[in-house]
Amino acid sequence: MSDTDSTSQSDTLRTPIVAVLGHVDHGKTSLLDKVRGSAVSDGEAGAITQHIGATAVPLETVSQMAGALVNPDDFDLPGLLFIDTPGHHSFSTLRSRGGALADIAILVVDVNDGFQPQTEEAIDILKRTGTPFIVAANKVDTTPGWNPQQGEPIQKSLEKQSKRAKSKLDESLYQLIGELSDKGFSSDFYWRVQNFQKNIGVVPVSALTGEGIPDLLGVLMGLSQRYMKDEMAIDVAGPGYGTVLEVKEERGFGATLDVVLYDGTIHAGDTIVVGGANEPIVTEVRALLQPRPNAEIRTEKRFDKVDEVRAAAGVKIAAPDLEGAMAGAPVRVVGDRDVDEVIREVEAELADIEVTTEEEGVVVKADTLGSLEAMANALQEAEVPILRAEVGDIAPRDVAVASTAREPEHKVILGFNVDVLSNAEDELDKNDVKLFEDDVIYQLIDEYEEFVDEMKRAQQETILDKIVRPCRFQILQDHTFRQSNPAVVGVEIMSGTIKNNMNVVKWEGNEPKRVGQLSGIQENGEDVSSARAGSRVSIAIDGPTVGRQIDEGDELWIELPEKHAKILEQELRDDIPVDELEALSGYLDKHRRRDPFWGK
Ligand code: GDP
């Protein structure tokens, strides 16, 4: 097959898109800075290109940095495009055609700190999206006794380390490999990994000293070349496909879109379709903007206008009517296609992301489509129904919707990475709607679940308070203090809790006989309102006479209304102490000897 048969003239290989994920403070930002910084100092001027929201590192720079680790002749992918905003949040925001936008990810883990909540969350997201990743075991320079080797490949640096430092580092690295294994990933030091599709490569690095950065770039490059080359073949001249990273107001341009283009080309003047909050937006590109080099010092003109941008790249799009665009939404160049067809395409992609809502449930607000979807997935897993889910800040309208939930536990708003508009704040109190906010999904859901547990506990406590509790007790020999009006006797509580003012029964054969009502309890000479199993107390009973209806040695029970017995057995059995449960079963058994359906 000749080239022209299998690929069109404009087919070419694009840069793989790389995302950096990991727990806060594990070094994501430092690592990206180091990659950018070392590329600048190692390479020729202009060796790396700053895009909007992304940094491109060309193959030559990678190979210069990686030295022997990367021979440019072995590669035909043009380099790597790093997304500048690290974290799983932007990762889940950035999608393409329903999958992750990033082709490959670096999971940064602090070697001293190991797996942390956001590491776990990042791993779950990588697993769900099936994104290949490598682990950057960061901060190796903090190993006690470390002898820093600026910018060296890690093996070279390891040669210079003491035995003790090496074994200290190994210990941490093996722990990390163990933690990955707990998560279902088999992993090893990257130089031992044969098949990166089966095993996760662990690359020891330091974002501070640059040790291992050459390895990191080399592994990313090699992995992409080996396993992703087919996916990188795109029709460069075709219509551009991208994802909105952020909707931003820019002076002189109004609302603009920061977009990562992952396929095709976009030109100034192109008609585009963008996913909007209500419906797809159709508009015309007024300008394509790239950051101006050394923009920091010249704040006046921060951008350069360009005529076209080819995937993969980050670009700012200025166009009319972009106010309603959503972060995470698709952007499509119409090209010579029918605009309605493209609108349908965008709608279909948005529908894919849409979240299932129900008649009853909680209100969810998130900053982007991707995070909204991630929230919805997590809530579904936690079996929390959703009444409404939307992208955007928390507004009074959301409070109004939340207040319509039937169950008190659903009168809540879960906000992920969003602000609360000031006029919504007062509404929360007024409507008795509770707000939960966090920028870590699982923590947000944990907080909510704790609240629900606490609420249920409180509810059960109120029920338990209102319900008569079972108790079995026995009149002690020689402990009659008064025979009648009221009878006062010493008793031992065998099981359950005795409470004042309750009715007392005694079984005669299979028949429960009410003997009277409690009118006082004294423990160690003090009046008390109740007493627990194991204690000996004196009680006053209105009604009976000792020696007639009751006798020393008699076993007595607190009378349980049938309805209460039923609730206790069917709903609260997990909430009452074991001895009380025993009193309850004893009581039910006695009744059921006479009537098998009593309390059912
Ligand atoms: P992020 O929250 O994951 O983006 O983490 P940062 O990049 O902000 O790093 C958090 C802290 O760790 C900062 O104080 C960094 O200077 C420090 N740090 C990051 N990488 C390294 C490293 O390799 N070695 C050392 N010693 N410190 C590091």
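It should be emphasised that the depicted structure is a prediction, and the values quoted were computed from it without experimental measurement.

Focus: the nonpolar core
Taken as a class, soluble globular proteins show a tendency for nonpolar side chains to be buried jointly. Residues L31, F82, F91, I106, F133 and V135 are the most contacted members of the largest nonpolar core, which totals 67 residues. No other element matches the nine residues that helix α8 (residues 213–232) contributes to this core. Beyond its immediate sequence surroundings of up to four residues, F133 is in contact with A105, L107, I123, L126, F185 and I200. The next biggest cluster of nonpolar side chains, apart from the first, holds 35 residues, and it includes V468, C471, V505 and V537.

So, the sheet that holds strand β23 (residues 362–366)
Spatially, the four strands line up as an open sheet ordered β24-β23-β25-β26, and their pairing is parallel. Of all the strands in the sheet, the pair left with one neighbour each is β24 (386–391) and β26 (434–438). Across the sheet, the mean angle separating the axes of adjacent strands is 15° when strand polarity is ignored. Pairing geometry for β23 and strand β25 (residues 412–416), over four bridges, is parallel. Of the residues in β25, the one forming a bridge with V363 is I413. Packed on one face of the sheet, helix α10 (residues 369–381) meets β23, β24 and β25 and runs near 145° to β23. Each of β23, β25 and β26 is contacted by helix α13 (residues 441–466), which is oriented at about 150° to β26, the strand it contacts most.

Focus on the pattern of salt bridges
For the structure shown, the criterion picks out 31 salt bridges. Between D188 and R192 there is a salt bridge, with its nearest N and O atoms 3.3 Å apart. We classify R192 as partly exposed; its relative accessible area is 43%. Residues K316 and D258 are paired through a salt bridge, measuring 2.7 Å at the closest nitrogen-oxygen approach. Of the two residues, K316 sits in strand β21 (residues 313–318) while D258 sits in strand β14 (residues 254–263), which places them 58 residues apart along the sequence. Residue D258 is classed as buried on the basis of its relative accessible area of 5%. Salt bridges sharing common partners tie together K248, E250, D258, R302 and K316.

Focus: the packing of helix α3 (residues 59–66) against α8
Taken N-terminus to C-terminus, the directions of α3 and α8 make an angle of 135°; their axes are 8 Å apart at the nearest point. It follows from the interaxial angle that α3 and α8 lie oblique. Considering how the two elements wind past one another, α3 and α8 form a crossing that is left-handed. Across the interface between the two elements, L59, V62, M65 and A66 of α3 pack against I213, P214, L217, G218 and M221 of α8. Taken together, the residues of the contact of α3 with α8 sort by class into eight nonpolar, one polar and no charged.

Regarding the site of the ligand
The environment of the ligand is made up of 15 residues, and the closest members are D25, K28, T29, S30 and D141. Within the backbone of D25, an N or O atom sits 2.7 Å from an oxygen atom of the ligand. For the ligand, whose accessible area on its own is 580 Å², the fraction buried by protein is 72%. Of all the elements, helix α2 (residues 28–42) adds the most residues to the shell around the ligand, at three residues.

What to know about unusual backbone geometry
Cis geometry marks the peptide bond from A311 to A312, where omega comes out at -5°. The residue A312 is located in the loop between β20 (308–310) and β21 in this model. Of note, the amide linkage connecting N485 to P486 takes the cis form, showing an omega dihedral of -20°. Assignment of secondary structure puts P486 in the loop between β27 (471–482) and β28 (487–499). Phi at N485 is positive, roughly 50°, even though this residue is not glycine.

A short note on a negative patch on the surface
A cluster of like negative charges, contributed by D393, D419, E425, D426, D429, D432 and E437, occupies part of the molecular surface. The dominant element in the negative patch, judged by the number of residues it contributes, is helix α12 (residues 422–430), at three residues. Of the residues examined, D419 reaches a relative accessible area of 51% and is grouped as exposed.

Some points on the side chain of K316
Judged by relative accessible area, which is 1%, K316 ranks as buried. Reaching out from K316, the side chain makes a polar contact with the side chain of T256 at a distance of 3.2 Å. Among residues more than four places away in sequence, those in contact with K316 are I52, K248, E250, T256, L257, D258, A287, L288, L289 and F303.

Here's the deal with the pairing of strand β22 (residues 330–333)
Side chains of β22 alternate between two faces, with P330 and R332 and V331 and V333 buried alike. Note: strand β13 (residues 241–250) against β22, three bridges, orientation antiparallel. Within β22, the position partnered with Y241 by the bridge is R332. Note that strand β16 (residues 271–274) and β22 share three bridges and pair antiparallel. Bridge pairing in β22 places V273 opposite R332.

Topic: the pairing of β13
Inspection of the sheet shows β13 paired to β14 by nine bridges, in the antiparallel sense. Within the sheet, the bridge partner assigned to E249 lies in β14 and is A255.

Concerning the sheet that holds strand β11 (residues 200–204)
Read from one edge to the other, the open sheet built from eight strands follows the order β3-β4-β5-β2-β8-β9-β11-β10, with strand pairing classed as mixed. At either margin of the open sheet sits one strand with a lone partner, and together these are β3 (49–51) and β10 (187–189). Taken over all neighbouring pairs, the strand axes of this sheet differ in orientation by 30° on average, direction set aside. Inspection of the sheet shows β10 paired to β11 by three bridges, in the parallel sense. If you follow S187 over to β11, its bridge partner there is I200. Helix α7 (residues 163–182) rests against β8 (104–110), β9 (133–138), β10 and β11 of the sheet, and its axis sits at about 160° to β10.

Digging into the side chain of H410
Position of H410 relative to the elements: it lies in the loop between α11 (396–403) and β25. A polar atom in the side chain of H410 sits 2.8 Å from the side chain of E360. Discounting residues that sit within four places of it in the chain, H410 has contacts with E360, G361, V362, P385, A402, A405 and Y448.

Considerations on α11
For the α-helix, the turn length of 3.6 residues means that residues three or four positions removed from each other point alike. Those residues of α11 lying buried are D398, V399, V401 and A402. End-on, the buried residues of α11 take up no more than an arc of 160°, which puts them together on one face. In this fold, the buried residues of α11 make contact with β23, β24, β25 and α12.

Definitions and cut-offs
Residues numbered from 1 in each chain as written. Predicted model: local features only at pLDDT ≥ 70, side-chain atom pairs only at ≥ 80, totals over all residues. Heavy atoms only, no water. Core = buried A, V, L, I, M, F, W, Y, C linked by side-chain atoms within 4.5 Å. Buried < 20%, exposed > 50% of the residue type's maximum accessible area, 1.4 Å probe, protein only. Helix = DSSP H or I, 4+ residues; strand = E, 2+ residues; numbered from the N terminus. Contact = heavy atoms within 4.5 Å. Pairing = 2+ DSSP bridges. Axes fitted to C-alpha atoms, helices over the stretch in contact; angles between N-to-C directions. Salt bridge = Lys/Arg side-chain N within 4 Å of Asp/Glu carboxyl O. Parallel < 35°, antiparallel > 145°, perpendicular 65-115°, else oblique. Left-handed = near helix turned anticlockwise from the far one by under 90°. Nonpolar A, V, L, I, M, F, W, Y, C, P; charged D, E, K, R; others polar. Near = heavy atom within 4 Å. Polar contact = N/O pair within 3.5 Å; in protein donor to acceptor, adjacent residues only side chain to side chain. Areas by Shrake-Rupley, 256 points an atom, 1.4 Å probe, with all protein chains shown as cover. Patch = residues over 30% accessible without salt bridge, like charges linked within 9 Å, V, L, I, M, F, W, Y side chains within 5 Å. Lys, Arg positive; Asp, Glu negative; His and termini not counted. Charge placed at Lys NZ, Arg CZ, Asp CG, Glu CD. Arc of directions from axis to C-beta.

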